[in-house]
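# Results of the structural survey
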Amino acid sequence: MPNPVLHSLHVHPVKALRGQAPHEAVVEPWGLAGDRRWALIDESGRVVTQREHPHLALAAAELLAGGAIRVSAPGLDPLTVAVPDPSGGTTTAKWAGDKIETIAAGRAADDWFSTYVGEGVRLVHLDDPAVRRPIHDPPFGRPGETVSLADGYPLLLTTLSSLDALNSLIAQGDHAAEGPLPMNRFRPNVVVAGTRPWAEDDWTRIAVGEVVFRVAKVCGRCVVTTTDQATAERSKEPLRTLARHRRVGGKLAFGQNLVPQSPGTIRLGDPVTILD
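Cut-offs and rules
Residues numbered from 1 in each chain as written. Predicted model: local features only at pLDDT ≥ 70, side-chain atom pairs only at ≥ 80, totals over all residues. Heavy atoms only, no water. Helix = DSSP H or I, 4+ residues; strand = E, 2+ residues; numbered from the N terminus. Rg over C-alpha atoms; globule rule 2.2 N^0.38 Å. Buried < 20%, exposed > 50% of the residue type's maximum accessible area, 1.4 Å probe, protein only. Contact = heavy atoms within 4.5 Å. Areas by Shrake-Rupley, 256 points an atom, 1.4 Å probe, with all protein chains shown as cover. Lys, Arg positive; Asp, Glu negative; His and termini not counted. Charge placed at Lys NZ, Arg CZ, Asp CG, Glu CD. Pairing = 2+ DSSP bridges. Axes fitted to C-alpha atoms, helices over the stretch in contact; angles between N-to-C directions. Polar contact = N/O pair within 3.5 Å; in protein donor to acceptor, adjacent residues only side chain to side chain. 1 Å grid on protein atoms, 1.4 Å probe; cavity = no way out; pocket = protein on both sides within 12 Å on 5 of 7 lines; lining within 4 Å. Points joined across faces, edges and corners; volume = space filled by probe spheres on them. Nonpolar A, V, L, I, M, F, W, Y, C, P; charged D, E, K, R; others polar. Core = buried A, V, L, I, M, F, W, Y, C linked by side-chain atoms within 4.5 Å.

### As for the overall build of the chain
Counting its regular elements, the chain contains four helices and 19 strands. Scaling as 2.2 N^0.38, a compact globule of 276 residues should have a C-alpha radius of gyration of about 19 Å, and the chain matches this with 18 Å. The principal-axis extents of the C-alpha atoms in the chain amount to approximately 55 × 40 × 35 Å. In the chain, buried positions account for 51% of the 276 residues. A separation threshold of at least 6 residues defines the contact pool for the chain, and within that pool the share at least 24 residues apart is 70%. Of the roughly 12000 Å² of accessible surface on the chain, a fraction of 52% belongs to carbon and sulfur atoms. Averaging the coordinates of the 29 positive side-chain charges in the chain and doing the same for the 31 negative ones gives two points 5 Å apart.

Printed below as a string of structure tokens:
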């Protein structure tokens, strides 16, 4: 078997929207630079995702210089949104049991997204993950570790071999016609090639190039994985097959959550070294 390498990178500037696949990415303590620093909230402040609005999969966000974004969606003209000025105060976003202080993007962005979503939403920006959102997941999160607006951890890792194994299981099941599934169903940050299936379950510390990561815990999957990212249509897979074959600690498991242990830049083709 060839040595593991970094196969692809994925940055999602706006949580729940389609992202980008760069050739390299800067690793910050809270995740890849620019990843999930923006999100939509409803009128109560709750973060809006594909869980409730699967058609967010059809909207896209492109990261621009200085952290600004350019968003696009079917039926709407693209919109460029600058990083908002934090001097105007904060807006509380509620997500995963946290109350996160964010900065409102402004009326133009709110109107654009409200038109697309079909209800009143606001676009917000997380200006400083280092002080705004610690990881709250004992015993897996450690003091001083922070995260952006991702579900719980700075990065999500998946492997090509595990996806192949999962697709083989789907092909043997009651909903074989729904497979094979592409990797974008799982919205990872880093995808690794050259491993055996499910090898990542045994990792506790890895290096991608010269950047070291702690493998914190398995990723429990939700209904978003059943959403076709190209059509926004939902199906039964992969949750049905994960429920039969990949229950880990009560969760339907695919992928591993990572926490950076050192700064740096990672690039496609970088070697992936299993340290522990």
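### A short note on the sheet that holds strand E6 (residues 60-63)
The sheet built from three strands is open, its strands ordered E6-E7-E8 with antiparallel pairing. Edge strands, defined here as strands with exactly one partner in the open sheet, are E6 and strand E8 (76-81). Here the strands of the sheet are splayed against their neighbours by 15° on average, with no regard to which way each runs. Two elements, strand E7 (residues 69-73) and E8, share four bridges in a ladder whose sense is antiparallel. Paired with Ala73 across the strands is Leu76, a residue of E8. Here helix H1 (residues 107-117) sits on the sheet and contacts E7 and E8; the angle it forms with E8, its principal contact strand, is near 145°.

### A word on the side chain of Gln50
Within the secondary structure layout, Gln50 lies in the loop between strand E5 (47-48) and E6. A polar side-chain atom of Gln50 sits 2.9 Å from the main-chain carbonyl oxygen of Ala16. Contacts of Gln50, omitting those with residues within four sequence positions, involve Ala16, Leu56, Ala57, Arg187, Val224, Thr227, Gln229 and Arg234.

### Digging into the layout of surface pockets
Put simply, the largest pocket is a space of about 750 Å³. Around the largest pocket sit 36 residues that line it, and Arg51, Ala150, Asp151, Gly152 and Cys219 are the ones nearest its centre. Secondary structure elements with two or more residues in the lining of the largest pocket: strand E12 (155-159), strand E15 (211-220) and strand E17 (251-260). Here the residues of the lining of the largest pocket are counted per class, giving 16 nonpolar, eight polar and 12 charged. Around the second largest pocket, the lining residues are His10, His12, Arg18, Gly19, Gln20, Ala21, Ala57, Met183, Asn184, Arg187, Pro188 and Gln229. Here the lining of the second largest pocket is composed, by residue class, of four nonpolar, six polar and two charged.

### Points about the sheet that holds strand E11 (residues 122-125)
One open sheet accounts for five strands, arranged E5-E4-E11-E10-E9; its pairing is antiparallel. Since the sheet does not close on itself, it has two edges, and those belong to E5 and strand E9 (91-95), each with one partner. The pairing of E9 with strand E10 (residues 98-104) spans five bridges and is classified as antiparallel. Bridging across to E10, Trp95 finds its partner in Asp98. Seen against the sheet, H1 touches strand E4 (38-41) and E11 and runs at an angle of roughly 125° to E11.

### So, the nonpolar core
Val14, Leu17, Leu40, Leu56, Val71, Phe113 and Leu123 are the most contacted members of the largest nonpolar core, which totals 21 residues. Here the element with the most residues in this core is H1; it accounts for five residues. If we ignore the near neighbours within four places in the chain, the residues touching Val71 are Val14, Leu17, Ala60, Ala61, Pro78, Leu79, Trp112 and Phe113. Membership of the second largest hydrophobic core comes to 20 residues, among which are Val11, Leu155, Ala199 and Val211.

### What to know about the pairing of strand E2 (residues 24-28)
Burial along E2 is one-sided: the face carrying Ala25 and Val27 is buried and the face carrying Glu24, Val26 and Glu28 is not. Relative to strand E18 (residues 264-267), E2 is paired through four bridges, and the arrangement is antiparallel. Considered in E18, the bridge of Val26 is made with Thr265. As judged from the two bridges shared by E2 and strand E3 (residues 31-32), these two strands associate in the antiparallel manner. Within the sheet, the bridge partner assigned to Glu28 lies in E3 and is Gly31.

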